[in-house]
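# Working through the structure, step by step
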Amino acid sequence: MTRRQNNAAELADLEAALGACTVAPPPAGLRERVLERAAKPAPLPRSEIALRWAIAALVVTMAWADWQERQTAERMAAVARVETRPIEPKPHTWKTALLNPRVTLPLPEGYASVRIARRVSSLPSLNEPRRKPI
Amino acid sequence: MRFSVKRVEPDADWLAGLYDACGGQVYAYAAALLGNAVDAEDVVQEVFVRVHAGGRAPRHPRSYLFRAARNEIYSRLRRKRLRLRAADRLTRETHFLHAPAETGGLERRDFLEAGLRSLPPKQRELVVLKVYQAMTFQEIASLLGIPANTAASRYRYAMERLRKWCNEQEAKP
């Protein structure tokens, strides 16, 4: 008998030996446990639970965003009401009247006068003695 | 028991019949791969409860059960990192083969289980499916998602490896 034939014979014997055995029966009581567990209502799978949580979180986020948007709109409307009041010009002093005569600028209240005050203060006063040029 | 191709509502009687037909096979398959009786029982319970809770009976229940069992087994192996430990516990804890307790029957069973334990999981899976589940290479290929030729060659490699292991064991004093 050649080596190849010998191997084939050994394989056949091995297959026969494997085939002589059968699969072990499942443990007693497993059938009852399976049927009992199947009779109970099945718990939700994890994916289903995760999906429901995700939907709930989305709804809450959308409601919160809507509420935030309403709040922001109300605040902006209140600010707009304040901003649209007509700006009454300050009574002019003789200096500001001289440099910036009765021109109402569409600027926030006080802005123009501050700039002008600074500008005026930087100018030489009429009472100060004139400096000699360097 | 042969299940009809027509889809039915999976009630308790249907599930009991399916368990009687395939429960033992699925258990042996799970025990051979997991090497642990408790995990194998969990897999069987999980698979049968899932097929019952699905609401509609699968078109091919046996294929569905084995595919679901395989997914569950490999999921457990990955999750618990049992891949290496399973092989060690295989012979100590779980006997997935059954031999008549005649002269040398139990010894032969232990010997063959040890030989199967020595195989890599993929080869062991193929031997179990081919020899003990009586599946064709086409069915095995469909279950494992590999070509039929690959399944056949993998089975040949497994048997050759098992033969060498047996010869080595017999040569030992």
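Residues numbered from 1 in each chain as written. Chains lettered and ligands numbered in written order. Predicted model: local features only at pLDDT ≥ 70, side-chain atom pairs only at ≥ 80, totals over all residues. Heavy atoms only, no water.

What follows deals with the pattern of salt bridges. Within this structure, the stated rule accounts for 13 salt bridges over all chains. Residue Glu10(A) is joined to Arg163(B) by a salt bridge in which the shortest nitrogen-to-oxygen separation is 2.6 Å. Of the two residues, Glu10(A) sits in helix α1 (residues 3-20) while Arg163(B) sits in helix α8 (residues 148-171), which places them in two different chains. The salt bridge partner of Glu41(B) is Arg33(A), with a shortest N-O separation of 2.5 Å. Taken as a pair, Glu41(B) in helix α2 (residues 37-53) and Arg33(A) in helix α2 (residues 30-39) lie in two separate chains rather than in one. A relative accessible area of 17% places Glu41(B) in the buried class. Relative accessible area serves as the criterion here: at 33%, Arg33(A) is assigned to the partly exposed category. Sharing partners across several salt bridges, the network here consists of Asp39(B), Asp42(B), Arg50(B), Glu72(B) and Arg76(B). (Salt bridge = Lys/Arg side-chain N within 4 Å of Asp/Glu carboxyl O. Helix = DSSP H or I, 4+ residues; strand = E, 2+ residues; numbered from the N terminus. Buried < 20%, exposed > 50% of the residue type's maximum accessible area, 1.4 Å probe, protein only.)

Taken together, the contacts link 24 residues of chain A with 36 residues of chain B. When the two sides are added together, the surface that chain A and chain B hide from each other amounts to roughly 2,800 Å², 68% of it contributed by carbon and sulfur. For the interface between chain A and chain B, the tally reads four salt bridges. Remark: the boundary between chain A and chain B carries nine residue pairs in polar contact (both at pLDDT 80 or more). At the level of secondary structure, the elements contributing two or more residues to the side of chain A that touches chain B comprise α1, β1 (22-23) and α2 of chain A. Among the residues making up the side of chain A that touches chain B, the classes are represented as 16 nonpolar, three polar and five charged. (Contact = heavy atoms within 4.5 Å. Buried area = accessible area lost by both parts, 1.4 Å probe. Polar contact = N/O pair within 3.5 Å; in protein donor to acceptor, adjacent residues only side chain to side chain. Nonpolar A, V, L, I, M, F, W, Y, C, P; charged D, E, K, R; others polar.)

Right, let's talk about the confidence of the model for chain A for a bit. The pLDDT averaged across chain A works out to 75; a share of 60% of its residues lies at or above 70. Least confident of the elements in chain A is helix α5 (residues 111-122) of chain A, whose mean pLDDT is 51; most confident is helix α3 (residues 46-83) of chain A, at 91. (pLDDT = per-residue confidence, 0-100.)

With that out of the way, let us pick up the packing of helix α5 (residues 105-118) of chain B against α8(B). All names here are of chain B. Taken N-terminus to C-terminus, the directions of α5 and α8 make an angle of 125°; their axes are 10 Å apart at the nearest point. As the angle between them shows, α5 and α8 are arranged oblique. Crossing of α5 over α8 shows right-handed handedness. Mapping the contact onto sequence places Phe111, Ala114, Gly115, Leu116 and Ser118 in α5 and Leu162, Trp165, Cys166 and Gln169 in α8. Of the residues in the contact of α5 with α8, the class split is six nonpolar, three polar and no charged. (Axes fitted to C-alpha atoms, helices over the stretch in contact; angles between N-to-C directions. Parallel < 35°, antiparallel > 145°, perpendicular 65-115°, else oblique. Left-handed = near helix turned anticlockwise from the far one by under 90°.)

Applying the stated rule across the entire model yields four aromatic pairs over all chains. Between Lys130(B) and the ring centre of Phe137(B), over which it is positioned, the NZ or CZ distance is 4.4 Å. (Phe/Tyr/Trp six-rings, centres within 6.5 Å; stacked < 30°, edge-to-face > 60°. Lys NZ or Arg CZ within 6 Å of the ring centre and 35° of its normal.)

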